[in-house]
Amino acid sequence: MGSTSQPAYPIGQPSDNSGPQQSRQAAEEARKDRTLAEFMLMLDDYEPLIPNEVTDYYLQRVGFECEDVRLKRLLSLAAQKFVSDIAADAYQHARIRTNAQGGRSRTNQPFAGPNSNKDKTRTALTMDDLSAALSEYGINSRKPDFYL
């Protein structure tokens, strides 16, 4: 009993099969870094829908100071995506509302000429639709009770 046996996997030491896993993780991180670097280079040529001056103004108001134009464009792109998602959700709420009210067909109105086909496919967004979409993102857009 003088010989000491070591466990198959000593505590605190990696096993032999962790080498390929670490190299896969390193390769994945390197791929992500390359992808991010390529994306940041693409932002040099990208002109966002939200003008740079508007982005600069709001970033300055909240105290964000950065000279990297690509980072500002990335924030502008994120804001553009946020507004686009809200508009798409509001549109879906409007479509659900119009379908629940009897659809888009207007059987009780006579044909008003060449624009009547446009009216059947037109969806009007209301403040209720926008409020419902904003509430999904945690934004309260209701007026205070004293304005009602």
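In this convention, every chain numbers its residues from 1, walking through the sequence in written order. In view of the model being predicted, local features appear only for residues whose pLDDT reaches at least 70, and side-chain atom pairs are presented and counted only at 80 or more, with totals across whole chains, interfaces and linings using the full set of residues. Values shown for side chains rest on all heavy atoms present in the structure; no hydrogens or waters enter the calculation.

Looking at an unreviewed UniProt entry, one finds the protein chain named Transcription initiation factor TFIID subunit 10, with Favolaschia claudopus as its source organism. UniProt positions are given in the numbering used here, feature names are shortened, and annotations may be inferred rather than shown by experiment. Under Subcellular location (unreviewed entry), UniProt gives the following word-for-word description of the protein chain: "Nucleus". Note on the protein chain: under the UniProt heading Sequence similarities (unreviewed entry), the record states "Belongs to the TAF10 family."

1. Here we look at the overall build of the protein chain
Segments assigned H or I by DSSP are reported as helices when at least four residues long, segments assigned E as strands when at least two residues long, and all are numbered from the N terminus. Helix and strand content of the protein chain: five helices and zero strands. Reading the secondary structure of the protein chain in the N-to-C direction produces α-α-α-α-α. Every residue pair with non-hydrogen atoms within 4.5 Å of one another is taken to be in contact. Here the contacts in the protein chain between residues at least 6 apart in sequence split such that 73% fall between residues at least 24 apart. As displayed, the protein chain has an accessible area near 12,400 Å², and 55% of this comes from carbon and sulfur atoms. Only the protein chains shown count as cover for residues, with accessible areas throughout obtained via the Shrake-Rupley method and a probe of 1.4 Å.

2. With respect to a nonpolar patch on the surface
Patches were defined on residues exceeding 30% relative accessible area and lacking a salt bridge, with like-charge contacts within 9 Å and nonpolar side-chain contacts (Val, Leu, Ile, Met, Phe, Trp, Tyr) within 5 Å. Salt bridges, as used here, are contacts in which a Lys or Arg side-chain nitrogen is within 4 Å of a carboxyl oxygen on Asp or Glu. Judged by side-chain polarity, Phe82, Val83, Tyr137 and Ile139 come together as a nonpolar surface patch covering roughly 340 Å² of accessible area. Turning to its location among the elements, Phe82 is positioned in helix α3 (residues 69-100). Think of it in three bands: with a 1.4 Å probe and only protein chains considered, a residue is buried below 20% of the maximum accessible area for its type, exposed above 50%, and partly exposed in between. In this structure Phe82 comes out as partly exposed when scored by relative accessible area, which is 37%.

3. Some thoughts on the packing of α3 against helix α5 (residues 127-136)
Lines are fitted to the C-alpha atoms to define the axes, a helix being fitted only along its stretch in contact, and any angle between axes, read from their N-to-C directions, falls within 0 to 180 degrees. At a minimum axis separation of 8 Å, α3 and α5 run at an interaxial angle of 130°. Between α3 and α5, the angle is such that the two are oblique. Taken as a pair, α3 and α5 cross one another with a handedness that is right-handed. Across the interface between the two elements, Ile86, Asp89, Ala90, His93, Ala94 and Arg97 of α3 pack against Asp129, Leu130, Ala132, Ala133, Leu134 and Glu136 of α5. Polarity classes work like this: nonpolar for Ala, Val, Leu, Ile, Met, Phe, Trp, Tyr, Cys and Pro, charged for Asp, Glu, Lys and Arg, and polar for all others, with Gly in that last group. Looking at the contact of α3 with α5 residue by residue, the class counts come to seven nonpolar, one polar and four charged. Working rule for angles: under 35 degrees goes down as roughly parallel, over 145 as roughly antiparallel, 65 to 115 as roughly perpendicular, anything else as oblique. Note: crossing handedness is left-handed where the near helix turns anticlockwise from the far helix by less than a right angle, and right-handed where it turns clockwise.

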